[in-house]
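# Remarks on the overall topology
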Amino acid sequence: MAEAGLYIWAADGELRLGPGTSNVTILGAFSTGKSNGSFTNPVLARGRGVIIAALPMEAGWSPVPPKLVVSGTTISWTFRISGSNGNADHRVIYGVRA
């Protein structure tokens, strides 16, 4: 019998959260603006960096979020067209999984 609880799976089929997995510590948040960029936090070295959410800061439509990549202590993002007025600033909440 499977253990009861909340299970969250990534698109690639990897279990991200479930009974027996470690919790995520939220480290903070930043805004992407409308252009490609990056954000560095040395505390990301304390575990596996994770993106918790990317929330559009503009109401009324559903923009495509930028592609977010965590590598070491840096989170970078790219829009399909950097600097386009059609891009929406996103608030990114990030943390580490022990």
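Quantities reported herein were computed from a predicted structural model and do not represent experimental measurements. (Residues numbered from 1 in each chain as written. Predicted model: local features only at pLDDT ≥ 70, side-chain atom pairs only at ≥ 80, totals over all residues. Heavy atoms only, no water.)

## Some details on the environment of Ile75
What counts, and what does not: Where helices and strands are cited, they refer to DSSP runs of H or I of at least four residues and of E of at least two residues respectively, numbered from the N terminus. Any pair of residues with heavy atoms lying within 4.5 Å of one another is described as a contacting pair.
For Ile75, the position within the fold is in strand 7 (residues 74–78). Sequence-wise, Ile75 and Asn85 are 10 residues apart; in three dimensions their C-alpha atoms are separated by 22 Å. In this structure Ile75 touches Phe30, Gly37, Ser38, Phe39, Leu44, Ile51, Leu68, Val69, Val70 and Tyr94, once residues within four positions along its chain are discounted.

## Notes on the side chain of Asn87
For clarity, the cut-off: Polar contacts here mean pairs of N or O atoms no more than 3.5 Å apart (in protein, one a potential hydrogen donor and the other a potential acceptor; neighbouring residues in sequence count only if both atoms are side-chain atoms).
Among the structural elements, Asn87 can be located in the loop between strand 7 and strand 8 (90–97). Engagement of the side chain of Asn87 in a polar contact is seen with the backbone oxygen of Ile81, the distance being 2.7 Å. Residues in contact with Asn87, not counting those within four places in the same chain, are Lys34, Glu58, Phe79, Ile81 and Ser82.

## Details of the pattern of salt bridges
So the rule is basically this: Every case where a carboxyl oxygen of Asp or Glu lies within 4 Å of a side-chain nitrogen of Lys or Arg is listed as a salt bridge.
Following the criterion strictly, the structure yields two salt bridges and no others. Taking the shortest distance from any N to any O, the salt bridge between Glu14 and Arg48 comes out at 3.3 Å. Highlighted residues: Glu14 in the loop between strand 1 (8–9) and strand 2 (15–17) and Arg48 in strand 5 (residues 48–56), separated in sequence by 34 residues. When the shortest N-O distance is used, the salt bridge between Lys34 and Glu58 registers 3.6 Å. Here the residue Lys34 occupies a position in the loop between strand 3 (24–31) and strand 4 (37–40), and Glu58 occupies one in the loop between strand 5 and strand 6 (67–71), the gap between them amounting to 24 residues.

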